[in-house]
Amino acid sequence: MAKSNTPTSYPTYQLPTYGFVKPPELCGRQAEVYPVVIVGAGLSGLTLACKLAHLGIPAVVLDEDNTVGVKGASSRGICYTQQSLEIFARLGIYERIAAKGVAWQVGRTFAGDDEVFSFDLRERSQFSHSVQPPFINIQQFYIEMFLVDRILELNKTTPLIDLRWNNRVTGFLQDKDAVTLKIDTPAGKYTLKASHVIDASGSHTPFHAWVGATMDSKRGDDRWCIADVRFKHQPPTERHTWIEAPFNDNRAVWQHLMADDVWRIDYQMAPDADPTYVSREDVVRERLAKQFGAAVECDIVWVGPYAYKSQCLHQLHHGRVFFIGDTAKVVSPFGARGGNTGIADADNLAWKLAAVLRGQAAPGLLASFNQERLQAAKRNVQVTNRTARYLRAPEGVERLFRSASIGLAKHHAFARSLINTGRMAEANRYDVSDVCLPEGGVMVQNAPLQFADHSSGSLADLLQWAQGRLLLLVFGELSRKEIAKLQSIGALASVYSVQVVSKKNADVLEHVIDSNKTLRRACQSEKAQWALIRPDAYLAAKGKAINGQLVKALATALALK
């Protein structure tokens, strides 16, 4: 997503600031090789750092600014999908997000004055098993702020994450042993060495040129004006979308409620619209009056013109450098597939780095990051590009199809699924993965469960207890022979086994109760005896017996074969 730098006169969001601390390299400390250095303290970079802290892996985070978000700019991303919320639950910040943000699951789409499509995401199986809602709307800087706060909390117990604000990377060199970075700070320049560098600094990163990364990139002529508005009288708290809004010259409009009673309203503009003109206060208020009536009372919190592009690297892993978030791919913001996939990038990479650095997995496990997340990146670019073309359909067959689908959807249910205002983000499936068996590669929702003392919990609790190890769920009764096999498997430092029973009677001490079999359905293991789940909540494999297939699945998941 390309952000305009056109200044506005509107009051900006109040962002926290973090003080510059002189790096130890400028205080006489002898240079060392850090295991992980993360460049960019944005959504994906902070998620990765927080996850590494939970897994006991030290890391340095470098950011050229001294705050989260963008100074004087927008709230940026606002829609966080269930997968991201489940990741945040494992990181310990979900409750803060839920308390501040706005949960939603119903969306309505209009063409003119007619409702042509609606959905309730809780009615879809891919959202129905989790204790987290399908979506929460909240300004991106809040999540980044919560992540910083959580990292600082974890540092009080074990100081693992070194957050370095006002540290700008200006140079780069890598060889077979390490990466060397040159860094500018207010106190001077220094060099830093790392075994692994993760670039999360955004689409304009210099690392693309430094490593010789290639990519597919496309910029369209679609133009939008984004308004963050606080109303005296609130509209309905549903996601409303207009494909053809009569109050916006029959162009598209989005309407979302965020935290602090602020509404995000996206107005599609003419391709030749002047960015300065469309974001003028009198023009924005005129547009709001057309939508909500001349008597509308509201405060404008922020306004900015936007143009969208799509971009996807051909490879997310170059030597010792990994690309996550917007450095890996940039998508149009339809269906909330931008920041959410960056969060998933970080979750995927974190546990693999930890497993390799701990010596629990082969170095080849890191190659699966590129394999799995590049699939996700390509898919999300493809899906959002299709939406962008539907919303601004070119003359010819595509314009005819759009007109026909809108007309049919007004009267016939079968045509409503053809309306494409954004296919809502869900966890990407890994159709090909060297570290998943063929039946794996799907994310397991954060299903509820009960512990042995009948207190409530969820899959996220089990994954946290596993502390970066693989989680083996064994369903139903166990024979003595099977218990013995599990005990031998449990001797491995890389796996944590739990029996899942439908009633309180269990054969082993480590067990949970799944009385409604929600957890079993979430694992898609109704007919399986076991399910092997990775620390990123993805199913690695499942099987009908505790046998050699399980041993093979364990070895495969850790790239040991």
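The shown structure was predicted, so the numbers you read here are calculated from the model rather than taken from an experiment. (Residues numbered from 1 in each chain as written. Predicted model: local features only at pLDDT ≥ 70, side-chain atom pairs only at ≥ 80, totals over all residues. Heavy atoms only, no water.)

Caption draft 1: Examining the packing of aromatic side chains more closely. For the structure shown, the criterion picks out 15 aromatic pairs. On the basis of an interplanar angle of 25° and a centroid distance of 6.3 Å, the ring pair of Tyr142 and Phe146 is categorised as stacked. A residue pair is termed a helical-turn pair when its members lie 3 or 4 positions apart in one helix, as Tyr142 and Phe146 do in helix α5 (residues 140–157) at 4 residues. Take Phe146: its relative accessible area is 10%, and that puts it in the buried class. Taking 5.5 Å as the distance between ring centres and 70° as the angle between the ring planes, the aromatic pair formed by Phe172 and Phe207 counts as edge-to-face. Within this pair, whereas Phe172 is found in strand β10 (residues 168–174), its partner Phe207 is found in helix α6 (residues 207–211), the two being separated by 35 residues in sequence. In this pair, the class of Phe172 matches that of Phe207, namely buried. Put simply, the rings of Phe110, Trp242 and Phe247 touch in pairs and so form one group of aromatic residues. The positively charged end of Arg287 is found above the aromatic ring belonging to Tyr267, 5.3 Å away from the centroid. (Phe/Tyr/Trp six-rings, centres within 6.5 Å; stacked < 30°, edge-to-face > 60°. Helix = DSSP H or I, 4+ residues; strand = E, 2+ residues; numbered from the N terminus. Buried < 20%, exposed > 50% of the residue type's maximum accessible area, 1.4 Å probe, protein only. Lys NZ or Arg CZ within 6 Å of the ring centre and 35° of its normal.)

Caption draft 2: Inspection of the packing of helix α10 (residues 367–391) against helix α11 (residues 397–409) at higher detail. Contact geometry for α10 and α11: axes closest at 9 Å, N-to-C directions at 80°. By the angle between their directions, the pair α10 and α11 is classed as roughly perpendicular. Between α10, through Arg389, Tyr390 and Leu391, and α11, the contact on the second element is made entirely by Glu398, Phe401, Arg402, Ser405 and Ile406. Across the contact of α10 with α11, the residue classes tally to 4 nonpolar, 1 polar and 3 charged. (Axes fitted to C-alpha atoms, helices over the stretch in contact; angles between N-to-C directions. Parallel < 35°, antiparallel > 145°, perpendicular 65-115°, else oblique. Contact = heavy atoms within 4.5 Å. Nonpolar A, V, L, I, M, F, W, Y, C, P; charged D, E, K, R; others polar.)

Caption draft 3: A look at the environment of Ser203. Of note, Ser203 is situated in the loop between β12 (188–199) and α6. Residue Ser203 is classed as buried on the basis of its relative accessible area of 17%. Residues Ser203 and Cys312, 109 residues apart in the sequence, show an inter-C-alpha distance of 9.9 Å. Once residues within four sequence positions are removed from consideration, Ser203 is found in contact with His208, Lys309, Gln311, Asp326, Thr327 and Val330.

Caption draft 4: Geometry of the pattern of salt bridges. Within the structure shown, the criterion is met by 24 salt bridges. Here Lys232 makes a salt bridge to Glu297, at a shortest N to O gap of 3.7 Å. Note that Lys232 is positioned in the loop between β13 (215–231) and β14 (239–245) and Glu297 in the loop between α8 (281–292) and β17 (298–313), a separation of 65 residues in sequence. Classification of Lys232 by relative accessible area gives exposed; the value is 55%. Note on Glu297: relative accessible area 40%, which makes it partly exposed. What emerges from the salt-bridge pattern is a single network uniting Lys352, Glu372, Arg534 and Asp536. (Salt bridge = Lys/Arg side-chain N within 4 Å of Asp/Glu carboxyl O.)

Caption draft 5: Molecular detail of the packing of helix α1 (residues 43–54) against helix α2 (residues 82–91). Contact geometry for α1 and α2: axes closest at 10 Å, N-to-C directions at 40°. Here α1 is positioned oblique relative to α2, judged by the angle of their axes. In this structure, α1 crosses over α2, and the sense of that crossing is left-handed. Residues Thr47, Cys50, Lys51 and His54 of α1 lie in contact with α2, whose contacting residues are Ile87, Phe88, Arg90 and Leu91. Taken together, the residues of the contact of α1 with α2 sort by class into 4 nonpolar, 2 polar and 2 charged. (Left-handed = near helix turned anticlockwise from the far one by under 90°.)

Caption draft 6: Examining the confidence of the model for the protein more closely. Residue-level pLDDT values for the protein average 90, and 97% of them are 70 or greater. The low-confidence segment residues 1–10 (pLDDT under 50) makes 27 contacts with residues lying over four places distant or belonging to another chain. (pLDDT = per-residue confidence, 0-100.)

Caption draft 7: Seen up close, the sheet that holds strand β23 (residues 470–475). Reading across the sheet, the 7 strands line up as β22-β21-β25-β24-β23-β26-β27 and stay open at both edges, with mixed pairing between neighbours. Here the strands that pair on one side only, and so sit at the sheet edges, are β22 (456–458) and β27 (539–543). Taken over all neighbouring pairs, the strand axes of this sheet differ in orientation by 35° on average, direction set aside. Relative to strand β25 (residues 511–513), strand β21 (residues 448–451) is paired through 2 bridges, and the arrangement is antiparallel. In the strand pairing of β25, Gln450 is matched with Ile513. (Pairing = 2+ DSSP bridges.)

Caption draft 8: View of the nonpolar core. Val37 and Leu181 are the most contacted members of the largest nonpolar core, which has 136 residues in total. In this structure, Val37 is in contact with Val60, Leu62, Leu181, Leu192, Ala194, His196, Val197 and Ile198, ignoring residues within four places of it in sequence. Within the second largest apolar cluster, 26 residues are counted, among which are Leu449, Ala466, Val500 and Ala537. (Core = buried A, V, L, I, M, F, W, Y, C linked by side-chain atoms within 4.5 Å.)

Caption draft 9: Local environment of α5. A rise of 1.5 Å per residue sets the reference length of α5, with its 18 residues, at 26 Å; its end C-alpha atoms lie 27 Å apart and thus fit the reference within 8%. In terms of burial, α5 is largely enclosed, as 13 of its 18 residues are buried. (Expected span 1.5 Å × (residues − 1).)

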